[in-house]
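Per-entry structural report
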Amino acid sequence: MKLKTFAFIVLSLCTVFGAQGATRVGLLAGANNIDLNQDGVPDLLVSATFDNNTSHPSQTLSAFINKNGNWFILPVPDDDGFTWSDFRLAGSSDKIIGFELHNIQGVYYLIRAMKFSSNQDNDDLTEAAQIKFSRYRVAESSEEPGAPVFYWQLSGTYTTSQTYSDVDQAFAQLKIDEFK
């Protein structure tokens with residue numbers, strides 16, 4: 001009887017904690033070899049600190065895809081650069097933009113969190129606010145000349161109902177099932 005009860009509890013916990021099927025991928029400072037596009041060849045994520053002599057250095061991430069021995073850099077979506085970066089308000093420890101790499105059911109996603117304001121001109125981002133999460137996965141493009149071979153494809157968003165002072169607080173309560 002006790003063995004059946006123990007097995008039931010373990011199975012229940014696995015179901016509850018495995019329901020999201022998501023795991024945050026911890027990145028080392030420097031080079032990280034991860035197969036971002038699931039082609040069996042390790043790609044490269046470079047995690048680094050950008051310090052411009054302020055009290056809050058930024059964490060950055062650049063991604064490169066290895067295809068047939070050629071390396072392709074992934075541009076950041078909705079930006080003109082190639083490096084993901086978090087962002088803290090000057091004179092504040094509140095992070096208003098952040099990112100994390102997650103593996104969800106065998107697929108790697110980069111998830112960006114951004115403090116959301118309904119009226120950017122009048123809202124104070126040092127106050128608690130809702131957080132908008134955007135989830136991206138690597139996709140290949142061969143549609144247009146001049147377009148990047150690989151890019152971060154938007155694969156879902158959601159905005160929290162709860163407010164947070166810092167995006168890291170919201171990441172601690174990330175709800176994978178909410179992405180639409």
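The paragraphs below set out a description of the structure included in this document. (Residues numbered from 1 in each chain as written. Predicted model: local features only at pLDDT ≥ 70, side-chain atom pairs only at ≥ 80, totals over all residues. Heavy atoms only, no water.)

**Some remarks on the overall build of the protein**
To be explicit about the condition: Labels follow the DSSP assignment, with helices taken as runs of H or I lasting at least four residues and strands as runs of E lasting at least two, numbered in each case from the N terminus. Burial here depends on accessible area, computed with a 1.4 Å probe over protein chains only, as a share of the maximum for the residue type. Under 20% is buried, over 50% is exposed, and the range in between is partly exposed. Any two residues whose heavy atoms approach within 4.5 Å are treated as being in contact. The Shrake-Rupley method, run with a 1.4 Å probe, gives the accessible areas here. Residue values count only the displayed protein chains as cover.
Counting its regular elements, the protein contains 2 helices and 11 strands. Across the protein, helices and strands are ordered from the amino to the carboxyl terminus as α-β-β-β-β-β-β-β-β-β-β-β-α. The 180 residues of the protein split such that 37% are buried. Across the protein, the fraction of contacts at a sequence separation of at least 24, relative to all contacts at a separation of at least 6, is 49%. In the structure as shown, the protein presents an accessible area of about 10,900 Å², 53% of it carried by carbon and sulfur atoms.

**Section: the packing of aromatic side chains**
Our working rule: Any Phe, Tyr or Trp ring, taking Trp's six-membered ring, that has another such ring centre within 6.5 Å forms a pair; planes under 30 degrees apart are called stacked, those over 60 apart edge-to-face, and the others tilted. Two thresholds decide whether a charge sits over a ring: the Lys NZ or Arg CZ must be within 6 Å of the ring centre and within 35 degrees of the ring normal.
Enumeration over the complete set of coordinates arrives at 7 aromatic pairs. Ring geometry for Tyr158 versus Phe179: centroids 5.1 Å apart, planes at 80°, classification edge-to-face. Taken together, the residues span a long stretch of sequence, with Tyr158 in strand β11 (residues 150–159) and Phe179 in the segment after α2 (167–171) at a distance of 21 residues. Taken together, the ring pairs in this structure connect Trp84, Phe99, Tyr136 and Trp152 into an aromatic cluster. One Lys or Arg, Arg135, reaches over the ring of Tyr109 and ends 4.8 Å from the middle of that ring.

**As for the side chain of Ser62**
Rules: Each polar contact in these results corresponds to two N or O atoms within 3.5 Å; when the atoms are within protein, one needs to be able to donate a hydrogen and the other to accept it, and residues that are neighboring in sequence are counted only if both atoms are side-chain atoms.
If you trace the backbone, Ser62 turns up in strand β4 (residues 58–67). On the accessibility criterion, Ser62 (12% relative accessible area) is buried. A distance of 3.1 Å separates polar atoms of two side chains, one belonging to Ser62 and the other to Thr83. Ignoring any residue separated from it by four or fewer positions in sequence, one finds Ser62 in contact with Leu44, Leu45, Val46, Phe82 and Thr83.

**What about unusual backbone geometry?**
Although it is not a glycine, Gln38 adopts a positive phi angle of roughly 50°. Considering the arrangement of structural elements, one finds Gln38 in the loop between β2 (30–34) and β3 (43–50). Positive phi outside glycine occurs at Gln105, with the angle close to 50°. Looking at the element boundaries, Gln105 is found in the loop between β8 (95–104) and β9 (107–116). We classify Gln105 as exposed; its relative accessible area is 68%.

**So, the environment of Ser92**
Turning to its location among the elements, Ser92 is positioned in the loop between β7 (87–88) and β8. Note: C-alpha distance between Ser92 and His56 (36 residues apart in sequence) is 8.4 Å.

**Focus: the nonpolar core**
Under the convention used in this document: Side-chain atoms within 4.5 Å link the members of a nonpolar core, which is a set of buried Ala, Val, Leu, Ile, Met, Phe, Trp, Tyr and Cys residues.
Within the largest apolar cluster, 18 residues are counted, with the highest numbers of intra-cluster contacts made by Leu36, Trp84, Leu101 and Trp152. Of all the secondary-structure elements, those providing two or more residues to this core are β4, β8, β9, β10 (130–140) and β11. In terms of residue count, β4 provides more of this core than any other element does, 3 residues in total. Counting 15 residues, the second largest nonpolar core, distinct from the first, contains Ala113, Ala170, Leu174 and Ile176.

**Examining the pattern of salt bridges**
The cut-off we apply is this: The term salt bridge refers to a pairing of a side-chain nitrogen on Lys or Arg with a carboxyl oxygen on Asp or Glu at a separation within 4 Å.
Applying the stated rule across the entire model yields 4 salt bridges. Between Glu140 and Lys67 there is a salt bridge, and its shortest N-O distance comes to 2.4 Å. Of the two residues, Glu140 sits in strand β10 while Lys67 sits in strand β4, which places them 73 residues apart along the sequence. Here Asp168 ties to Lys95 by a salt bridge, and the two come within 3.0 Å at their closest N and O atoms. Of this pair, Asp168 sits in helix α2 while Lys95 sits in strand β8, and the two are 73 residues apart along the sequence. What makes Lys95 buried here is its relative accessible area of 9%.

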